[in-house]
Amino acid sequence: MNTDYSEILLQEEERALRIEESIVDLQKRFALCEAGVTADEMVEIGEVLDDSKLLLGVIDKQATSKSIWQIACACLVLVLMAGSFVCYDLYVSGESQMAKLGNAEANVQTAGSALARAEGKVKALEAELAASKGELERVTEELAGSKNEVKAFMSALAESNVKVEGLKKQLTDTSSQLKDLQDRNDQVVKKMKERLEQL
(Lines give C-alpha, C1' and ligand atoms only; values in the text may rest on other atoms or scores of the structure.)
Protein backbone atom coordinates (compact mmCIF):
# COMPACT_ATOMS: atom_id res chain seq x y z
CA MET A 1 0.00 0.00 0.00
CA ASN A 2 2.79 2.47 0.93
CA THR A 3 4.66 1.70 -2.31
CA ASP A 4 1.56 2.40 -4.46
CA TYR A 5 0.93 5.65 -2.62
CA SER A 6 4.55 6.77 -2.99
CA GLU A 7 4.49 5.87 -6.73
CA ILE A 8 1.33 7.95 -7.21
CA LEU A 9 2.97 10.84 -5.37
CA LEU A 10 6.06 10.56 -7.54
CA GLN A 11 3.99 10.51 -10.73
CA GLU A 12 2.04 13.60 -9.62
CA GLU A 13 5.29 15.34 -8.72
CA GLU A 14 6.76 14.53 -12.14
CA ARG A 15 3.61 15.86 -13.87
CA ALA A 16 3.77 19.08 -11.88
CA LEU A 17 7.46 19.45 -12.74
CA ARG A 18 6.73 18.93 -16.46
CA ILE A 19 3.95 21.53 -16.41
CA GLU A 20 6.21 23.92 -14.58
CA GLU A 21 9.02 23.27 -17.07
CA SER A 22 6.76 23.88 -20.06
CA ILE A 23 5.50 27.14 -18.48
CA VAL A 24 9.09 28.23 -17.84
CA ASP A 25 10.01 27.20 -21.39
CA LEU A 26 7.16 29.27 -22.87
CA GLN A 27 8.12 32.25 -20.73
CA LYS A 28 11.71 32.00 -21.94
CA ARG A 29 10.65 31.81 -25.60
CA PHE A 30 8.33 34.75 -25.19
CA ALA A 31 11.09 36.71 -23.51
CA LEU A 32 13.50 35.77 -26.30
CA CYS A 33 11.00 36.78 -28.99
CA GLU A 34 10.51 40.13 -27.32
CA ALA A 35 14.27 40.56 -27.08
CA GLY A 36 14.56 40.01 -30.86
CA VAL A 37 16.41 36.76 -30.84
CA THR A 38 16.56 35.08 -34.25
CA ALA A 39 15.33 31.61 -35.08
CA ASP A 40 18.87 30.19 -35.27
CA GLU A 41 19.63 31.58 -31.89
CA MET A 42 16.36 30.12 -30.65
CA VAL A 43 17.40 26.72 -32.00
CA GLU A 44 20.69 27.00 -30.13
CA ILE A 45 18.83 28.12 -27.04
CA GLY A 46 16.41 25.22 -27.59
CA GLU A 47 19.32 22.81 -27.72
CA VAL A 48 20.66 24.33 -24.51
CA LEU A 49 17.18 24.06 -23.08
CA ASP A 50 16.96 20.42 -24.23
CA ASP A 51 20.28 19.77 -22.54
CA SER A 52 19.02 21.47 -19.42
CA LYS A 53 15.82 19.39 -19.67
CA LEU A 54 17.99 16.30 -19.86
CA LEU A 55 19.90 17.48 -16.82
CA LEU A 56 16.63 18.28 -15.08
CA GLY A 57 15.41 14.75 -15.92
CA VAL A 58 18.55 13.25 -14.40
CA ILE A 59 18.20 15.51 -11.37
CA ASP A 60 14.53 14.58 -11.16
CA LYS A 61 15.39 10.88 -11.30
CA GLN A 62 18.04 11.42 -8.66
CA ALA A 63 15.52 13.26 -6.50
CA THR A 64 13.03 10.42 -7.02
CA SER A 65 15.61 7.77 -6.15
CA LYS A 66 16.70 9.94 -3.21
CA SER A 67 13.16 10.12 -1.88
CA ILE A 68 12.81 6.35 -2.38
CA TRP A 69 16.03 5.84 -0.47
CA GLN A 70 14.85 8.24 2.22
CA ILE A 71 11.59 6.32 2.56
CA ALA A 72 13.48 3.03 2.61
CA CYS A 73 15.90 4.39 5.23
CA ALA A 74 12.99 5.70 7.31
CA CYS A 75 11.34 2.27 7.13
CA LEU A 76 14.65 0.64 8.03
CA VAL A 77 15.08 3.02 10.97
CA LEU A 78 11.55 2.19 12.13
CA VAL A 79 12.26 -1.53 11.79
CA LEU A 80 15.54 -1.11 13.69
CA MET A 81 13.81 0.88 16.42
CA ALA A 82 11.09 -1.75 16.69
CA GLY A 83 13.77 -4.45 16.77
CA SER A 84 15.62 -2.50 19.46
CA PHE A 85 12.46 -2.24 21.56
CA VAL A 86 11.81 -5.96 21.08
CA CYS A 87 15.41 -6.79 22.01
CA TYR A 88 15.22 -4.54 25.07
CA ASP A 89 11.95 -6.16 26.10
CA LEU A 90 13.50 -9.61 25.60
CA TYR A 91 16.53 -8.50 27.64
CA VAL A 92 14.34 -7.20 30.48
CA SER A 93 12.18 -10.31 30.46
CA GLY A 94 15.35 -12.46 30.33
CA GLU A 95 16.74 -10.64 33.35
CA SER A 96 13.42 -11.15 35.12
CA GLN A 97 13.46 -14.83 34.21
CA MET A 98 17.06 -15.11 35.45
CA ALA A 99 16.04 -13.51 38.75
CA LYS A 100 13.11 -15.91 39.01
CA LEU A 101 15.46 -18.78 38.16
CA GLY A 102 17.85 -17.63 40.89
CA ASN A 103 14.97 -17.50 43.38
CA ALA A 104 13.81 -20.94 42.28
CA GLU A 105 17.36 -22.29 42.66
CA ALA A 106 17.58 -20.79 46.16
CA ASN A 107 14.21 -22.36 47.00
CA VAL A 108 15.43 -25.72 45.67
CA GLN A 109 18.60 -25.46 47.77
CA THR A 110 16.53 -24.55 50.84
CA ALA A 111 14.21 -27.47 50.15
CA GLY A 112 17.25 -29.74 49.67
CA SER A 113 18.76 -28.72 53.01
CA ALA A 114 15.34 -29.15 54.67
CA LEU A 115 15.11 -32.59 53.06
CA ALA A 116 18.59 -33.49 54.34
CA ARG A 117 17.59 -32.38 57.86
CA ALA A 118 14.37 -34.37 57.57
CA GLU A 119 16.35 -37.44 56.45
CA GLY A 120 18.65 -37.01 59.46
CA LYS A 121 15.60 -36.81 61.74
CA VAL A 122 14.13 -39.89 60.07
CA LYS A 123 17.39 -41.79 60.64
CA ALA A 124 17.46 -40.67 64.28
CA LEU A 125 13.82 -41.74 64.67
CA GLU A 126 14.63 -45.09 63.03
CA ALA A 127 17.50 -45.58 65.51
CA GLU A 128 15.16 -44.64 68.39
CA LEU A 129 12.57 -47.04 67.01
CA ALA A 130 15.13 -49.85 66.82
CA ALA A 131 16.20 -49.08 70.43
CA SER A 132 12.54 -48.98 71.46
CA LYS A 133 11.97 -52.35 69.77
CA GLY A 134 14.92 -53.80 71.69
CA GLU A 135 13.59 -52.28 74.91
CA LEU A 136 10.13 -53.64 74.12
CA GLU A 137 11.55 -57.11 73.53
CA ARG A 138 13.48 -56.91 76.82
CA VAL A 139 10.38 -55.69 78.68
CA THR A 140 8.32 -58.42 77.00
CA GLU A 141 10.83 -61.02 78.16
CA GLU A 142 10.79 -59.55 81.67
CA LEU A 143 7.00 -59.56 81.58
CA ALA A 144 7.00 -63.20 80.52
CA GLY A 145 9.43 -63.95 83.37
CA SER A 146 7.21 -61.96 85.74
CA LYS A 147 4.19 -63.90 84.55
CA ASN A 148 6.02 -67.12 85.31
CA GLU A 149 6.99 -65.76 88.73
CA VAL A 150 3.39 -64.71 89.34
CA LYS A 151 2.20 -68.17 88.33
CA ALA A 152 4.77 -69.76 90.67
CA PHE A 153 3.75 -67.35 93.44
CA MET A 154 0.08 -68.08 92.81
CA SER A 155 0.71 -71.82 92.95
CA ALA A 156 2.77 -71.32 96.13
CA LEU A 157 -0.02 -69.18 97.54
CA ALA A 158 -2.53 -71.84 96.62
CA GLU A 159 -0.36 -74.41 98.39
CA SER A 160 -0.04 -72.07 101.37
CA ASN A 161 -3.80 -71.65 101.42
CA VAL A 162 -4.16 -75.42 101.38
CA LYS A 163 -1.64 -75.67 104.23
CA VAL A 164 -3.45 -72.88 106.13
CA GLU A 165 -6.69 -74.72 105.67
CA GLY A 166 -5.00 -77.87 106.95
CA LEU A 167 -3.55 -75.95 109.91
CA LYS A 168 -6.93 -74.42 110.63
CA LYS A 169 -8.46 -77.87 110.60
CA GLN A 170 -5.67 -79.16 112.86
CA LEU A 171 -6.18 -76.15 115.13
CA THR A 172 -9.89 -76.84 115.25
CA ASP A 173 -9.21 -80.51 115.99
CA THR A 174 -6.62 -79.57 118.61
CA SER A 175 -9.03 -77.06 120.15
CA SER A 176 -11.75 -79.68 120.34
CA GLN A 177 -9.28 -82.20 121.81
CA LEU A 178 -8.13 -79.59 124.34
CA LYS A 179 -11.71 -78.87 125.23
CA ASP A 180 -12.35 -82.56 125.66
CA LEU A 181 -9.26 -82.78 127.85
CA GLN A 182 -10.42 -79.84 129.89
CA ASP A 183 -13.83 -81.40 130.25
CA ARG A 184 -12.24 -84.65 131.41
CA ASN A 185 -9.93 -82.78 133.74
CA ASP A 186 -12.91 -80.97 135.14
CA GLN A 187 -14.69 -84.24 135.60
CA VAL A 188 -11.58 -85.78 137.17
CA VAL A 189 -11.16 -82.78 139.47
CA LYS A 190 -14.81 -82.97 140.34
CA LYS A 191 -14.57 -86.63 141.10
CA MET A 192 -11.46 -86.09 143.19
CA LYS A 193 -13.19 -83.38 145.12
CA GLU A 194 -16.04 -85.67 145.78
CA ARG A 195 -13.71 -88.38 146.93
CA LEU A 196 -11.82 -85.98 149.09
CA GLU A 197 -15.00 -84.89 150.62
CA GLN A 198 -15.93 -88.41 151.29
CA LEU A 199 -12.68 -88.97 152.94
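Summarised in this report is the structure supplied together with it. None of these values were measured; they are calculated from a predicted model.

1. Observations regarding the overall build of the chain
Secondary structure summary: the chain contains two helices and zero strands in total. Put simply, the chain shows about 17500 Å² of open surface, and 63% of that area lies on carbon and sulfur atoms.

2. Concerning the pattern of salt bridges
One pass over the full model with this rule turns up two salt bridges. Taking the shortest distance from any N to any O, the salt bridge between Glu-135 and Arg-138 comes out at 2.2 Å. Linking Glu-135 with Arg-138, this pair stays in helix α2 (residues 39-198), spanning three residues, or about one helical turn. Here Glu-142 and Arg-138 are joined by a salt bridge, their closest N and O atoms 2.3 Å apart. One end of the pair is Glu-142 and the other is Arg-138, both in helix α2 and four residues apart, which spans about a single turn.

3. Concerning the environment of Glu-14
For Glu-14, the location among the structural elements is in helix α1 (residues 2-35). With 50 residues separating them in the primary sequence, Glu-14 and Thr-64 have C-alpha atoms 9.1 Å apart.

4. Remarks on a nonpolar patch on the surface
Taken together, the side chains of Val-77, Leu-78, Met-81 and Phe-85 present a nonpolar region at the surface, about 420 Å² in accessible area. On the secondary structure map, Leu-78 appears in helix α2.

5. Some details on the state of the cysteines
Joining two cysteines, a disulfide is a covalent bond between their sulfur atoms. As enumerated under the stated definition, the model contains zero disulfides in all. Free of any disulfide, Cys-75 has its nearest cysteine sulfur in Cys-73, 9.3 Å distant. Overall, Cys-75 belongs to the partly exposed group, its relative accessible area being 40%.

About the criteria used
- Each chain has its residues counted from 1, following the order in which its sequence is written.
- For this predicted model, a pLDDT threshold of at least 70 governs which residues receive local features, and a threshold of 80 or more governs which side-chain atom pairs are given and counted, while totals over whole chains, interfaces and linings are taken from all residues.
- The basis for every side-chain value is the complete set of non-hydrogen atoms in the structure, without hydrogens or water.
- Under the DSSP-based scheme used, a helix requires at least four consecutive residues in state H or I and a strand at least two consecutive residues in state E, with every element numbered from the N terminus.
- Note on areas: these come from Shrake-Rupley sampling with a 1.4 Å probe, and a residue is covered only by the protein chains present in the view.
- Salt bridges are counted wherever a side-chain nitrogen of Lys or Arg sits within 4 Å of a carboxyl oxygen of Asp or Glu.
- Here a patch means residues that are over 30% exposed by relative accessible area and free of salt bridges, tied together within 9 Å if like-charged and within 5 Å if nonpolar (Val, Leu, Ile, Met, Phe, Trp, Tyr).
- Any pair of cysteine sulfurs within 2.5 Å is marked as a disulfide.
- Exposure classes here rest on a 1.4 Å probe applied to the protein chains alone. A residue is buried below 20% of its type maximum, exposed above 50%, and partly exposed in between.

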